[in-house]
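Residues per chain, in single letters:
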Amino acid sequence: MMYSRVKIRSILFGFIAVQHFFNCRAERIDGGISNSERIRNITVALQNVLDNSTNYDIRLRPRFGGPAIKIGIDIEIASINSISEVNMDYTISMYFRQHWKDERLAYDPTYGNVSLDGRLADHIWVPDTYFVNDKHSFVHDVTVKNRLIKFHHDGTVMYGMRITTVAACMMDLHDYPMDEQNCTLEIESYGYTTEDISYSWYYGNESIRGVPDIEMAQFTLVDYKVVTRIIEFSTGAYPRLSLSFRLRRSIGFFILQTYLPSILLVILSWVSFWINHEATSARVALGITTVLTMTTISTSVRSSLPRISYIKSIDIYVVVCYAFVFAALVEYALVNFHYWSKQKQKAIEACKSAANNKKFSTSSSNERVDDVSILDYNTQVAIRLSQVGEVEGEPSSDLQWREEIGLRLMNGPEPPSYSSSITPSPIRYRASSLKYKQKNLSNGKARKAKRPRKKKVPFLPSKIRDVDTIDRIARLLFPSCFIIFNIVYWYSYLTRLYTD
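Residues numbered from 1 in each chain as written. Predicted model: local features only at pLDDT ≥ 70, side-chain atom pairs only at ≥ 80, totals over all residues. Heavy atoms only, no water.

### Focus: the state of the cysteines
A covalent bond between the sulfur atoms of two cysteines is referred to as a disulfide. On inspection of all chains with the given rule, the structure shows one disulfide. Each sulfur in the disulfide pair Cys 169 and Cys 183 lies 2.0 Å from the other. Taking the torsion about the sulfur-sulfur bond, which here is approximately -80°, the covalent link between Cys 169 and Cys 183 counts as left-handed. Taken together, the residues Cys 169 in the loop between β9 (156-168) and β10 (180-189) and Cys 183 in strand β10 connect sequence positions 14 residues apart. Assessed through its relative accessible area of 2%, Cys 169 is described here as buried. Here Cys 183 falls in the buried class, since its relative accessible area comes to 0%. (Disulfide = S-S within 2.5 Å. Helix = DSSP H or I, 4+ residues; strand = E, 2+ residues; numbered from the N terminus. Buried < 20%, exposed > 50% of the residue type's maximum accessible area, 1.4 Å probe, protein only.)

Following this line, the structure appears as structure tokens:
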């Protein structure tokens, strides 16, 4: 106890002397009292207060056993930063000041107000104030601990600290990134109930300073409010002060990072509607590239957010863009399927017609058959035709003839062949005009067969109108739906954001 009193005495005398040296240089002030005498009087007054254990006990609050002591709070905000959606918290640096009146510290008013070092707070009673939603806090200590104590002659004490705290902030991300968040700072007494202590904002609504100077990279401080309330616990009722910040998120970063790339990818997927349907590699490569890029954007969006179960605003936009890109790829699959289905049907009809003409020419007059008009179709169709299975109701001879037509076109016309048999049989040979001729050998004489004039079968038109129709519809349908979706999306969310 004796060592503590000597330490207090040395602290008081040293800091009062330094304050006097820099602030007061006149030889005499206030009615002829010298500076050195004023320093001695203040030192003696504070020593009498703090060293007299019968008048001052650090373990007891002011007016112990009487009415509750009033604690006034004011805050000057230095900065708000590091607002994290993943951790659901934010960081605030501030000058936190508490005001209360302790009559045991009153002294002669002629001495005026005294500012002392914060280390004196370890030797007087101070409120047990703490931050309810605090995760981690510290008092700055460069170059010394940033604390300050001011005494008034009537016993009023002002205790200030420079604090940085990481406070929890539960966020509602349904409208992310067009959202507003309310982050609070909860101030409360840890051990004293409302019977012993009461909190209030020292300057009312003006107790929060420095708000206009706050600048944040991703948010804008729209408004703030202060609240005083009583919180009930099992151990009693405790006073609490709440400082609430209304933060509006800036959407510019997300437009450049997510929305604009998604829009450009959707527009890029529409390019396939203007590419020829026969350019399979180009259209498939474009569709797969846009789908994979949209998947990458969706993954990057989710990585910067907590694992929450509900759907956010940005999720809706990314999913719809993904659906448009995927639908563009499916559209080509539909075009390709429709195109080859038509080709298969027309190839089967041509094969049946060729088989019927062959039977007719062989059974009736053994006439020469000109099947160039039947075989004159695209080589790709012949490849597909050779792979087409048996058609329901088609005779096996027709199936064999249809396969023969496809393979003949892929392999080229057959060379002329001659029969050495005595039995009369038709012989085919290649003419200079690439037409097949048929001769009948009967009794050693060749007889020319009359060629029947038959109507040419239109197998493959130069333009498939049905396929082009699908692409033309997609060119109008996809942009129209996407524009309507954007109008509804942006109008609904921006209206809700700025009308609140």
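### Remarks on helix α4 (residues 280-303)
For α4, built from 24 residues, the straight-helix expectation of 34 Å at 1.5 Å per residue is met to within 8% by its first-to-last C-alpha distance of 35 Å. Listed in full, the buried residues belonging to α4 are Arg 283, Leu 286, Gly 287, Thr 290, Val 291, Met 294, Ile 297, Ser 298 and Val 301. (Expected span 1.5 Å × (residues − 1).)

### Digging into the sheet that holds β10
Strands in a sheet are paired, the pairing made by backbone hydrogen bonds, and the direction either parallel or antiparallel. An order of β6-β10-β14-β13 is seen for the four strands of this open sheet, with the pairing classed as antiparallel. Across the chains shown, the open sheet's two edge strands, defined by having one partner strand only, are β6 (129-131) and β13 (219-233). Adjacent strand axes in the sheet meet at a mean angle of 20°, parallel and antiparallel pairs treated alike. Relative to β10, β6 runs antiparallel, the two being bridged by three bridges. Of the residues in β10, the one forming a bridge with Tyr 130 is Glu 188. (Pairing = 2+ DSSP bridges. Axes fitted to C-alpha atoms, helices over the stretch in contact; angles between N-to-C directions.)

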